[in-house]
Amino acid sequence: MFGSLARFSNYIIENKIDDFTQYQIDRARQVNLPVLQYFRDYTDEELFEFSKRSIIEFLKSIAVGRGIEEVKLANEKWKRGESELFSKTEIVLKDVVLANKIRKEGLIYFLKFYVDNIRDYEVLILEIERFYEIVLENSFAAFVEVQQELVLKEKEIISAIVNNSTDGIYAFDARQKIKVWNPTMVARTGVSSEQIMNKYVFEFFPEYLQVFEKKVPERVINGETVTIKNFKTLDGKTHYDIYMAPLKDIKGDVFGGISIMRDVTEDKKREEQLEIKVRERTRKLLLQSQVLECMEEGVSVADQDGIIIFTNKAEDAMFGYETGQMTGMHVSCQNAYPPEQNETIVQSVIETLNDKGAWSGEWHNKRKDGTTFYTYSHITALNLDGIKYFVCVQRDISEEKRYKEAIEEKNKELQRINIDLDNFIYTASHDLKAPVSNIEGLIDALKEAIDEEESQDIEQLLNMISVSVNRFKETILDLTEISKIQKEEESKVEPVDCLLIINDVKLSMQDIINSTSATIEIEADHEVDLKFSKKNFRSIVYN
């Protein structure tokens, strides 16, 4: 039946196989054969070798008279999904038509190299045309059968999706008559698919004609896609998002529409709850923001790279910047330390933050105009969503620092005065000891020089002088002890007989009392005892 074609096929295999192969590849690329997309990862050499093997097998089957049988076998394998080259879904109608056309064109093109008379040429043309008529008829039949199978499977898949969808789905034709009514719609409405099939949807739900725009289905039939958000049922208990779209045939003509109704009631509740939380969160953030703006302390937030991302009003004013002007600047713009010292201090602070999560201490700062001041700063490390932030709260302590320095200077001055006073007391007490000793010596000498007869008259006077000198010596001793009080951590505290010390001081001052005719009155119902330093109490009474 195809004897001439068989001999011609042998000729191509033996003499023109490379040229014939390249011709097939070039023509496939020229017509943009869809199946070529599955060879896009092949190199030119790999594609050539693959095509050459395939062509040789095909031509050999023709040469032995089995060309048609082999085509049928290949089509059957493809239909069963057993093809080693392509799956059922990878071949389109264009592949079936163009692939056979290219093979036929190739055979006709290479006839000029094989025949040299018109008679043989006509015979081969007829055999080629008949061969490819049979091949194309068989291939097309196989393709149609596979497509029908795929369409049926797609319908089954679509039906399964529709019937198992948690969304309510219904479809209608161009006259708006219901053609599909899935189980979810049955459950939501209580209307079975048998009841509503081929009926107008508003025949069953006329109450929705007022709330659900009647013209919406008409708009869909006219080719418009309609989306209705948050559609509420009449009782207000259920919310739906409705998506309606036209259904079109292969020509693009609308033959109906589909409606998908998604129950968003729970989503709506969550959304409302989220809105409440957002409002509450916003209120808290607003309150926190107002608190931050009302604080006298400066507050700043920096990211893990030390870039400032927030400053409050007090922080801006403290450093002499306009509102938000420090945002985006590095925190080092606030430091007044020299670079080498700053690096050491900052590293120490970071180590503390990493170890303990917080750092507090005094910080030397500089304002925008270059003037410096001191703050007491508290820095806290925060970790939010894996990102580290540093929150710094600081208070200007420049006045406190100057006041403290002034007090320290005053204390130093008082210490110097106390030292001078101690030196004066020591010197005065030391200088008074010699005259007192001389007086004692003169009194003793006077006692020896006075006759016994005269001694009776002045004995009492000399005794009084001796007592006064002893009192004066005690005073000098006490004065020396007073200088030691400033150097002692605590004075010796002991029970003090107040009346005894008062009378003792009164006796030591008797000459002054007599000479001034003074009167000293002591009012005490009973003996007054307290715990105090005797020396200090005597000094208080004496003064």
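Structure: see above.
A brief structural summary. These figures come from a predicted structure and were not determined experimentally. (Residues numbered from 1 in each chain as written. Predicted model: local features only at pLDDT ≥ 70, side-chain atom pairs only at ≥ 80, totals over all residues. Heavy atoms only, no water.)

A word on the layout of surface pockets. Reported here for the largest pocket is a volume of approximately 1,500 Å³. Looking at the largest pocket, it is lined by 38 residues, and the ones nearest its centre are Ser54, Ala74, Leu85, Phe86 and Arg103. Where the lining of the largest pocket is concerned, the elements lending two or more residues are helix 1 (3-30), helix 2 (44-63), helix 3 (67-79), helix 4 (93-109) and helix 5 (118-164). Tallying contributions element by element places helix 2 first for the lining of the largest pocket, with nine residues. Grouping the constituent residues of the lining of the largest pocket by class yields 22 nonpolar, eight polar and eight charged. If you add up the space inside the second largest pocket, you get close to 480 Å³. (1 Å grid on protein atoms, 1.4 Å probe; cavity = no way out; pocket = protein on both sides within 12 Å on 5 of 7 lines; lining within 4 Å. Points joined across faces, edges and corners; volume = space filled by probe spheres on them. Helix = DSSP H or I, 4+ residues; strand = E, 2+ residues; numbered from the N terminus. Nonpolar A, V, L, I, M, F, W, Y, C, P; charged D, E, K, R; others polar.)

With that settled, the discussion passes to the environment of Ala74. Mapped onto the elements, Ala74 comes out in helix 3. Relative accessible area serves as the criterion here: at 43%, Ala74 is assigned to the partly exposed category. In this structure, the C-alpha to C-alpha distance between Ala74 and Ser139, residues 65 residues apart in sequence, is 9.4 Å. (Buried < 20%, exposed > 50% of the residue type's maximum accessible area, 1.4 Å probe, protein only.)

Each strand in a sheet pairs with its neighbour through backbone hydrogen bonds, running either in the same direction (parallel) or in the opposite one (antiparallel). Sheet architecture is open: five strands sit in the order 7-6-10-9-8, paired in antiparallel fashion. Each edge of the open sheet carries a strand with a single partner, namely strand 7 (308-311) and strand 8 (358-366). Sheet twist, expressed as the average angle between the axes of neighbouring strands with direction ignored, equals 25°. Both strand 6 (residues 298-303) and strand 7 contribute to a ladder of three bridges, which runs antiparallel. Paired with Ser300 across the two strands is Thr311, which belongs to strand 7. (Pairing = 2+ DSSP bridges. Axes fitted to C-alpha atoms, helices over the stretch in contact; angles between N-to-C directions.)

Counting 25 residues, the largest nonpolar core has Leu5, Phe8, Leu59, Leu107 and Phe131 as the members making the most contacts within it. When contributions to this core are tallied by element, the ones reaching two or more residues are helix 1, helix 2, helix 3 and helix 5. Residue contributions to this core peak at eight residues, all from helix 1. Beyond its immediate chain neighbours, meaning those up to four positions away, Leu59 contacts Ser9, Ile12, Ile13, Ile17 and Leu107. (Core = buried A, V, L, I, M, F, W, Y, C linked by side-chain atoms within 4.5 Å. Contact = heavy atoms within 4.5 Å.)

Ordered in space as 2-1-5-4-3, the five strands form an open sheet in which the pairing is antiparallel. Of all strands in the sheet, those with a lone pairing partner are strand 2 (178-181) and strand 3 (226-232), marking the two edges. Between one strand axis and the next, the sheet turns through 20° on average, direction left out of account. Where strand 3 and strand 4 (residues 239-248) come together, five bridges link them in antiparallel fashion. What sits directly across from Thr227, in strand 4, is Tyr243.

It is worth spelling out the packing of aromatic side chains at this point. For any pair of aromatic rings, the description consists of the separation of the ring centres together with the inter-plane angle of the planes. Evaluated as defined, the whole model comprises 23 aromatic pairs. Ring centres 5.4 Å apart and planes at 65° place the aromatic pair Phe20 and Phe110 in the edge-to-face group. With Phe20 in helix 1 and Phe110 in the loop between helix 4 and helix 5, this residue pair connects regions lying 90 residues apart in the sequence. Residue classification places Phe20 among the buried residues on the basis of a relative accessible area of 1%. Note on Phe110: relative accessible area 4%, which makes it buried. For the pair Tyr42 and Phe50, a centre-to-centre distance of 6.2 Å together with 80° between the ring planes defines the contact as edge-to-face. In this structure Tyr42 comes out as partly exposed when scored by relative accessible area, which is 36%. Connected via pairs of aromatic rings, a cluster forms that spans Phe20, Tyr23, Tyr109, Phe110 and Phe113. The ring of Phe113 has Lys16 lying over it, and the distance from NZ or CZ to the ring centre is 4.4 Å. (Phe/Tyr/Trp six-rings, centres within 6.5 Å; stacked < 30°, edge-to-face > 60°. Lys NZ or Arg CZ within 6 Å of the ring centre and 35° of its normal.)

For helix 2, which comprises 20 residues, the first-to-last C-alpha distance of 28 Å matches the rise-based estimate of 28 Å (1.5 Å per residue) to within 8%. Regarding helix 2, the residues found buried are Leu47, Phe48, Phe50, Ser51, Ile55, Phe58, Leu59, Ser61 and Ile62. Buried residues in helix 2, looked at end-on, bunch into an arc of 165°, giving them a common side. Those residues of helix 2 that are exposed and angled more than 90 degrees off the buried face are Glu45 and Glu57. Next to the buried residues of helix 2 lie helix 1, helix 3, helix 4 and helix 5. Looking one or two places after helix 2, you find Gly65, whose phi comes out positive at around 80°. (Expected span 1.5 Å × (residues − 1). Arc of directions from axis to C-beta.)

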